[in-house]
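# Structural overview for review
Spelled out, the chains give:
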Amino acid sequence: MSVPAPAPATVPATATESDRSDAAPDAASVRARVGARVGARVQRSLRSRTVTWMTVGFATILVMTAIALGAFVYQQRGVDAVRHTVAVDGRLARVLSAVQDAETGQRGYLLTGDEAFLLPFTEGRLNVDQQLDLLRDLVQDDPDQRGDLDTLAGLIRRKLDELGASVALMRAGDGAAARASVADGRGKQVMDAIRDRVRRMEAHEARRMERRQATVSRIALAIWVMVGALAVLFVLFAVSALREATRRNRLSRFLPQELVLRLADGDGSLKAGRRQQAAIVFVDML
């Protein structure tokens with residue numbers, strides 16, 4: 001007696017379709033996750049590079065601005081040196097003018113006996129002291145000028161004393177003695193020494209101004225050269241960045257962004273190759 005063989009088991013078609021439908025979403029989810037990771041990595045890299053470029057450009061602009069301000073400050077010092085020299089020369093001229101006014105009043109009084117000439121004599125003596133005080137404030141930072149000013153003040157004091165002594169003789173009624181004190185020539189020698197000291201101080205101030213201007217000009221020129229060099233570097237930097245962005249844009253038209261970044265960065269591993277574990281998924285597409 002023979003027993004019939006059991007019929008071979010058959011898998012319903014619905015089961016195969018179910019397996020395939022389950023495998024398809026798994027592959028799709030894997031591709032989605034991989035794509036999301038790559039996209040996030042690319043975005044982070046792009047943001048990092050953008051921030052780097054912006055930081056370098058902003059730092060370059062700040063350096064250029066600081067150097068330009070330094071150049072302006074040094075140029076302003078040159079202008080201040082000119083103003084200081086003009087102020088000192090003007091004050092020296094006023095000092096000499098006050099002494100001459102006092103001498104003119106003294107001469108007029110001795111020649112005419114008219115006391116109206118004593119007004120410019122008195123005002124000149126008072127004005128000399130004021131002008132010397134103002135001049136001392138201007139040259140207080142220059143030891144050489146302070147020394148010359150002390151000498152000038154001593155000469156002026158001698159001159160004013162000589163003028164005062166002759167005026168006192170004239171007032172006392174001894175006009176001959178007063179005129180004799182003028183005729184002996186000692187007053188003229190003192191006045192010549194005053195003029196020589198004033199010219200010496202003016203020449204010293206002029207030399208000092210020239211030295212300051214020369215130093216300021218050299219420093220300002222060096223600063224402006226640095227500004228020009230930074231400007232050229234900034235332009236070259238901008239041109240290089242534009243070319244790099246254009247090159248990456250062209251590569252991105254044909255390659256994935258991950259490869260674009262690696263090619264743009266000169267990743268040598270793309271040429272050398274590498275060993276890496278990988279998984280292969282076979283999926284039936286309906």
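Quick summary incoming for the structure in this document. Keep in mind that this is a model prediction, so the values were computed, not measured. (Residues numbered from 1 in each chain as written. Predicted model: local features only at pLDDT ≥ 70, side-chain atom pairs only at ≥ 80, totals over all residues. Heavy atoms only, no water.)

### Let's talk about the overall build of the protein
Heads up, the condition is: The secondary structure listing takes helices from DSSP runs of H or I that are at least 4 residues long and strands from runs of E that are at least 2 residues long, numbered from the N terminus. Exposure classes here rest on a 1.4 Å probe applied to the protein chains alone. A residue is buried below 20% of its type maximum, exposed above 50%, and partly exposed in between. Throughout, a contact is declared for two residues whenever any of their heavy atoms are within 4.5 Å.
A tally of regular secondary structure across the protein gives seven helices and zero strands. Listing the helices and strands of the protein from first to last along the sequence gives α-α-α-α-α-α-α. Burial statistics for the protein: of 286 residues in total, 25% are counted as buried. Within the protein, contacts between residues separated by at least 24 positions form 75% of all contacts whose residues are at least 6 apart in sequence.

### Overview of the packing of helix α2 (residues 118–138) against helix α3 (residues 143–171)
To keep things clear, this is the line we draw: Angles here are taken between N-to-C directions and fall from 0 to 180 degrees, while the axes themselves are lines fitted to C-alpha atoms, restricted in helices to the stretch in contact. Roughly parallel refers to an angle under 35 degrees, roughly antiparallel to one over 145, roughly perpendicular to one between 65 and 115, and oblique to any angle outside these ranges. Note on convention: the crossing is left-handed when the near helix lies turned anticlockwise from the far helix by less than a right angle, right-handed when the turn is clockwise. Basically, the charged four are Asp, Glu, Lys and Arg, the nonpolar ten are Ala, Val, Leu, Ile, Met, Phe, Trp, Tyr, Cys and Pro, and anything else, Gly included, counts as polar.
Viewed as axis vectors pointing N to C, α2 and α3 meet at an angle of 165°, and their least axial separation amounts to 12 Å. Considered as vectors, α2 and α3 are oriented roughly antiparallel to each other. Crossing of α2 against α3: the hand is left-handed. Here α2 contributes Leu-118, Phe-121, Arg-125, Val-128, Asp-129, Leu-132, Leu-135 and Arg-136 to the contact with α3, which in turn contributes Leu-149, Asp-150, Ala-153, Ile-156, Arg-157, Leu-160, Leu-163, Gly-164, Val-167 and Arg-171. Of the residues in the contact of α2 with α3, the class split is 11 nonpolar, one polar and six charged.

### Some details on the environment of Ile-156
Examined against the element boundaries, Ile-156 turns out to sit in helix α3. The class for Ile-156 is buried, based on a relative accessible area of 1%. As a C-alpha pair, Ile-156 and Arg-125 span 31 residues in sequence and 9.6 Å in three-dimensional space. When residues no more than four places from it in sequence are discounted, the contact partners of Ile-156 are Val-95, Val-99, Val-128, Leu-132 and Ile-194.

### Some points on the side chain of Arg-91
For the record, the criterion: We treat Lys and Arg as the positive residues and Asp and Glu as the negative residues; His and chain ends play no part in the count. Within this document, salt bridges are pairs made up of a side-chain nitrogen of Lys or Arg and a carboxyl oxygen of Asp or Glu, the two lying within 4 Å of each other. Polar contact is the term for a pair of N or O atoms within 3.5 Å; when the atoms are in protein, one must be able to donate a hydrogen and the other to accept it, and sequence-neighboring residues count only if both atoms are side-chain atoms.
In this fold, Arg-91 is placed in helix α1 (residues 13–112). The side chain of Arg-91 is buried and forms no salt bridge, while Asp-137, the nearest opposite charge, is found at 8.6 Å. Within polar-contact distance, the side chain of Arg-91 engages the side chain of Gln-131 at 2.8 Å. With residues up to four places along the chain from it excluded, the contact list for Arg-91 reads Gln-131, Leu-134, Leu-135 and Leu-138.

### Observations concerning the side chain of Glu-205
With respect to the helices and strands, Glu-205 occurs in helix α5 (residues 186–252). Residues within four places of Glu-205 in sequence aside, it is in contact with His-84, Thr-85, Val-88, Asp-89 and Gln-145.

### Some remarks on the pattern of salt bridges
Evaluation of the coordinates by the stated rule reveals 14 salt bridges. Among the salt bridges present, the one from Arg-197 reaches Asp-148, with a minimum N-O distance of 3.0 Å. Placement of the pair is Arg-197 in helix α5 and Asp-148 in helix α3, with a sequence separation of 49 residues. Accessibility expressed as a relative area gives 8% for Asp-148, which makes it buried. Lys-159 serves as the salt-bridge partner of Glu-162, at 3.4 Å between the closest nitrogen and oxygen. Residue Glu-162 and its partner Lys-159 are both found in helix α3; the two are separated by three residues, about one turn of the helix.

### Quick word on the packing of α3 against α5
Geometry of a packed helix pair, given as the angle between the helix axes and the separation of the axes. Contact geometry for α3 and α5: axes closest at 9 Å, N-to-C directions at 160°. In terms of axis orientation, α3 runs roughly antiparallel to α5. Read as a crossing pair, α3 and α5 show a hand that is left-handed. Each of Asp-144, Gln-145, Asp-148, Leu-149, Thr-151, Leu-152, Leu-155, Ile-156, Arg-158, Lys-159 and Glu-162 in α3 lies in contact with α5, whose residues at this interface are Gly-187, Lys-188, Val-190, Met-191, Ala-193, Ile-194, Arg-197, Val-198, Arg-200, Met-201, His-204 and Glu-205. By residue class, the composition of the contact of α3 with α5 is 10 nonpolar, four polar and nine charged.

### Brief notes about the nonpolar core
The tendency in soluble globular proteins is for nonpolar side chains to be buried side by side. Threshold: The set of buried Ala, Val, Leu, Ile, Met, Phe, Trp, Tyr and Cys residues whose side-chain atoms join them within 4.5 Å is what this entry labels a nonpolar core.
If you look at the biggest cluster of nonpolar residues, it comprises 30 residues, and the most contacted ones within it are Leu-135, Leu-152, Ile-156 and Ile-194. Secondary-structure elements contributing two or more residues to this core are α1, α2, α3 and α5.

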